[in-house]
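Residue-level structural notes
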Amino acid sequence: MSKNVFIGSIDQGTTSSRFIIYDKDARAVGSHQVEFTQFYPEAGWVEHNPMEILESVKVCISKAIDKATAEGHDIDGGLKAVGLTNQRETTVVWSKSTGRPLYNAIVWMDVRTSSVCRKLEKELAGGRTHFVETCGLPISTYFSAMKLLWLLENVDAVKEAVKTGDALFGTIDTWLIWNITGGSDNGLHITDVSNASRTMLMNLKTLDWDKPTLNTLGIPAEILPKIVSNSEIIGNIASGWAIPGIPIAGCLGDQHAAMVGQACRKGEAKSTYGTGAFILLNTGEEMIQSKHGLLSTLAFKLGPNAPPNYALEGSIAIAGAAVQWLRDGLGIISTASEIENLALQVDSTGGVYFVPAFNGLFAPWWRDDARGVCVGITRFTNKSHIARAVLESMCFQVKDVLDSMHKDAGEKGEVKNEKGEFVLRVDGGATANNLLMQIQADLLGSPVVRPADIETTALGAAYAAGLAVGVWKEDEIFDSGEKNQKDTIFRPTLNEELRKKKMESWCKAVTRTFDLAELSL
């Protein structure tokens, strides 16, 4: 295979879009990133403009190609395929005929559907876990089906388009693929198994839309996209884009892409620290039903005929978003990177515990009535203590999830290193913070491994696309996860007694967040 081979990766996140171009050795040779607007129309509501997201992706592709070309890379001659990864669950309904969204995208962390969830929990025999057997997910504001129900009930344009057969539903991957492959001029209405697994509408065993679930919820099947694997040629990019004719050959939700980028085999786990934090443990071809508040989900299916890998997942709504809040909401820091130095000015939080339940709590608590608290404040408390408490809050939440994972997977479900330690692989922008990673290792009592390239989500989508067009073989991808000399390993230094006391204090702080959603404004 010629060295002059490139794979592109669209990485569409919660706050920004990126396009990264990789060479045959999986090295990034060009990239561009664009932030887009977050809309907060009411308390607990979060929206994006789908047209702005589309434009941001278009700009990123053009600029990244320009940059790589300026560096002497023949992208036009060597680009073989493009992969796509995206923020999951975020829901769009648009017009098939005009290509225009019928409402803003409702973002994964949005909690406007609380009343929809409560109503279903009361009406359905199985309550909150009514659909867990088929889709692996509890009834929660987090998942796309609830957002779609809200749109069907509350937006006249959506109701009308469904009635006339003009409505299309999709998560962000579906919206992008439809537009990139032609839009209202024969664009492909497609999603992949990982994104579909986060809607509450896909049967995890058949990997197809679950008809009984659709009937129960009253969701019309004709507005849903076709489900494909994570690694196959989906369709070609249309004219009007910078790279017409190039195949889109890989598509995964962001956390599933990170699992591939981290080369997580069965029994291995990764945690991605972004706006939220997401911990996934690959359970292989076995689907494990959690008894401790985790989600059963699809990890990846790398080809139409490949066996699916499943995962246990713990989703944390607010991680890096709490740092953004310190910056934008409180003005305690002016850039996100400043938090590390501010937190290093003290050697503990001084007894302060911060629980960022801004929009409720996800795994393993699942309390959408929770709201954020900062407890243990005294006259001694200063902004450094609060900054450190914010960093600790991310790590406590990851520890909660991993404790649940260990209980669900058991000894046989986890891979240990030669010292008998369970190793957590980490990625995402926040992992550049060394203090955060050291706190994480201390609270886990086990090693944390950070790869040299912490942006493994985009890499995972590139791997999936490259696999489909023969640039890489599966063994090459998963062998890349073997211990790398450039990895940074953080080892715990905290004694067991203090670790236990801190976890007890954290759990006490978490209980203080419950039943606060109705506090008067």
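Residues numbered from 1 in each chain as written. Predicted model: local features only at pLDDT ≥ 70, side-chain atom pairs only at ≥ 80, totals over all residues. Heavy atoms only, no water.

Per an unreviewed UniProt entry, the chain goes by the name glycerol kinase and belongs to Davidia involucrata. Recorded in UniProt under Pathway (unreviewed entry), the annotation for the chain is "Polyol metabolism; glycerol degradation via glycerol kinase pathway; sn-glycerol 3-phosphate from glycerol: step 1/1." Under the UniProt heading Sequence similarities (unreviewed entry), the note attached to the chain is "Belongs to the FGGY kinase family." (UniProt positions renumbered as here; feature names shortened; annotations may be inferred.)

A few words now on the pattern of salt bridges. Once the charged atoms of two side chains with opposite charge are near each other, the side chains can pair. One pass over the structure, following the stated rule, counts 25 salt bridges. Across the pair Arg18 and Glu455 runs a salt bridge whose closest N-O atoms are separated by 3.5 Å. Highlighted residues: Arg18 in strand β2 (residues 16-23) and Glu455 in the loop between β22 (448-450) and α15 (456-468), separated in sequence by 437 residues. Arg18 sits in the buried class, given a relative accessible area of 13%. Under the relative-accessibility criterion, Glu455 is labelled partly exposed at 26%. In this structure, Glu392 engages Lys502 in a salt bridge whose closest nitrogen and oxygen atoms are separated by 3.2 Å. One end of the pair, Glu392, is in helix α13 (residues 383-409); the other, Lys502, is in helix α17 (residues 496-511), with 110 residues separating them in the sequence. (Salt bridge = Lys/Arg side-chain N within 4 Å of Asp/Glu carboxyl O. Helix = DSSP H or I, 4+ residues; strand = E, 2+ residues; numbered from the N terminus. Buried < 20%, exposed > 50% of the residue type's maximum accessible area, 1.4 Å probe, protein only.)

Quick look at the sheet that holds strand β15 (residues 269-273) now. The mixed open sheet is built from seven strands, whose spatial order is β17-β18-β16-β15-β21-β22-β23. Looking at strand neighbours, the two that pair on one side only are β17 (295-300) and β23 (488-490), the edges of this open sheet. The sheet shows a mean angle of 30° between the axes of neighbouring strands, taken without regard to direction. Relative to strand β21 (residues 424-427), β15 is paired through four bridges, and the arrangement is parallel. In the sheet register, Thr272 faces β21, and the bridge partner there is Asp427. Sitting on the sheet, α13 is in contact with β15, β16 (277-284), β18 (309-316) and β21, with an inclination near 150° to β18. (Pairing = 2+ DSSP bridges. Axes fitted to C-alpha atoms, helices over the stretch in contact; angles between N-to-C directions. Contact = heavy atoms within 4.5 Å.)

What follows covers the sheet that holds strand β3 (residues 28-35). Read from one edge to the other, the open sheet built from six strands follows the order β3-β2-β1-β5-β14-β13, with strand pairing classed as mixed. Among the strands making up the open sheet, the edge pair consists of β3 and β13 (231-236). Taken pair by pair, the neighbouring strands of this sheet meet at an average axis angle of 25°, ignoring direction. Lying on the sheet, helix α7 (residues 172-180) is in contact with β1 (6-12), β5 (79-86), β13 and β14 (247-253); it crosses β5 at an angle near 145°. Its contacts with the sheet place helix α10 (residues 254-261) against β5 and β14, and it is angled at close to 105° to β14.

Let us look at the packing of aromatic side chains. Counted under the stated rule, the structure contains 19 aromatic pairs. Between Tyr353 and Phe396 the ring centres are 5.8 Å apart and the planes differ by 35°, which places this aromatic pair in the tilted class. One end of the pair, Tyr353, is in strand β19 (residues 353-355); the other, Phe396, is in helix α13, with 43 residues separating them in the sequence. Pairing Phe362 with Trp366 gives two aromatic rings, centres 5.5 Å apart and planes at 20°, and the pair type is stacked. Classification of Phe362 by relative accessible area gives buried; the value is 6%. Pairwise contacts between aromatic rings join Trp108, Tyr142, Phe143, Phe278, Phe362 and Trp366 into one cluster. The ring of Trp241 has Lys58 lying over it, and the distance from NZ or CZ to the ring centre is 4.9 Å. Positioned over the ring face of Trp150 is Arg112, at 4.7 Å from the centre of the ring. (Phe/Tyr/Trp six-rings, centres within 6.5 Å; stacked < 30°, edge-to-face > 60°. Lys NZ or Arg CZ within 6 Å of the ring centre and 35° of its normal.)

Looking now at the packing of α13 against helix α14 (residues 434-444). How two helices sit against one another is set out by the angle between their axes and by the gap between those axes. The contact between α13 and α14 brings their axes to 9 Å, and the two run at 40°. If you check the angle between α13 and α14, you find them oblique. Relative to α14, the crossing made by α13 is right-handed. Residue-level contacts link Arg388, Leu391, Glu392, Met394, Cys395, Phe396, Val398, Lys399 and Leu402 of α13 to Leu435, Leu436, Ile439, Gln440, Leu443 and Leu444 of α14. Counted by class, the contact of α13 with α14 contains 11 nonpolar, one polar and three charged residues. (Parallel < 35°, antiparallel > 145°, perpendicular 65-115°, else oblique. Left-handed = near helix turned anticlockwise from the far one by under 90°. Nonpolar A, V, L, I, M, F, W, Y, C, P; charged D, E, K, R; others polar.)

So, on to the pairing of β3. Here β2 pairs with β3 via seven bridges, running antiparallel. The residue of β3 that forms the bridge with Ile20 is Ser31. Linking two consecutive strands that pair antiparallel, namely β2 and β3, is a turn of four residues; a positive phi of about 60° is found at Ala26 within it.

With that settled, consider the side chain of His256. Within the element layout of this structure, His256 appears in helix α10. Judged by its relative accessible area of 0%, His256 is buried. In terms of polar contacts, His256 uses its side chain to reach the backbone carbonyl oxygen of Leu298, at 2.7 Å. Setting aside chain neighbours within four positions, we find His256 in contact with Arg88, Ser194, Ser197, Arg198, Leu280, Thr297, Leu298 and Ala299. (Polar contact = N/O pair within 3.5 Å; in protein donor to acceptor, adjacent residues only side chain to side chain.)

Here the focus is the packing of helix α11 (residues 320-330) against α13. Where α11 meets α13, the closest approach of the two axes is 9 Å, and the angle between their N-to-C directions is 160°. Considered as vectors, α11 and α13 are oriented roughly antiparallel to each other. The chirality of how α11 crosses α13 is right-handed. Only Ile386, Ala387, Val390 and Met394 of α13 make contact with α11, whose side of the interface consists of Gly320, Ala322, Val323 and Leu326.

Scanning all chains against the criterion turns up one cavity of 30 Å³ or more. Here the largest cavity is characterised by a volume of approximately 60 Å³. Every residue along the wall of the largest cavity is listed here: Ile316, Ala317, Ile318, Pro356, Ala357, Gly360, Leu361, Phe362, Ala363, Trp365 and Gln397. (1 Å grid on protein atoms, 1.4 Å probe; cavity = no way out; pocket = protein on both sides within 12 Å on 5 of 7 lines; lining within 4 Å. Points joined across faces, edges and corners; volume = space filled by probe spheres on them.)

Of all five residues that make up strand β6 (residues 91-95), five are buried, and the element is covered over most of its length. Alternating positions in β6 separate into two faces, Thr91, Val93 and Ser95 on one and Val92 and Trp94 on the other, with burial throughout.

Along the polypeptide, Gln87 turns up in the loop between β5 and β6. For Gln87 and Asp11, which are 76 residues apart along the polypeptide, the C-alpha to C-alpha distance reads 8.6 Å. Residues in contact with Gln87, not counting those within four places in the same chain, are Gln12, Gly13, Thr14, Phe36, His48, Ile53, Val107, Trp108, Ile172 and Asp254. Within the local environment of Gln87, its side chain forms a polar contact with the side chain of His48, the two groups lying 3.2 Å apart. A polar contact is formed between the side chain of Gln87 and the side chain of Thr90, at a distance of 2.7 Å.

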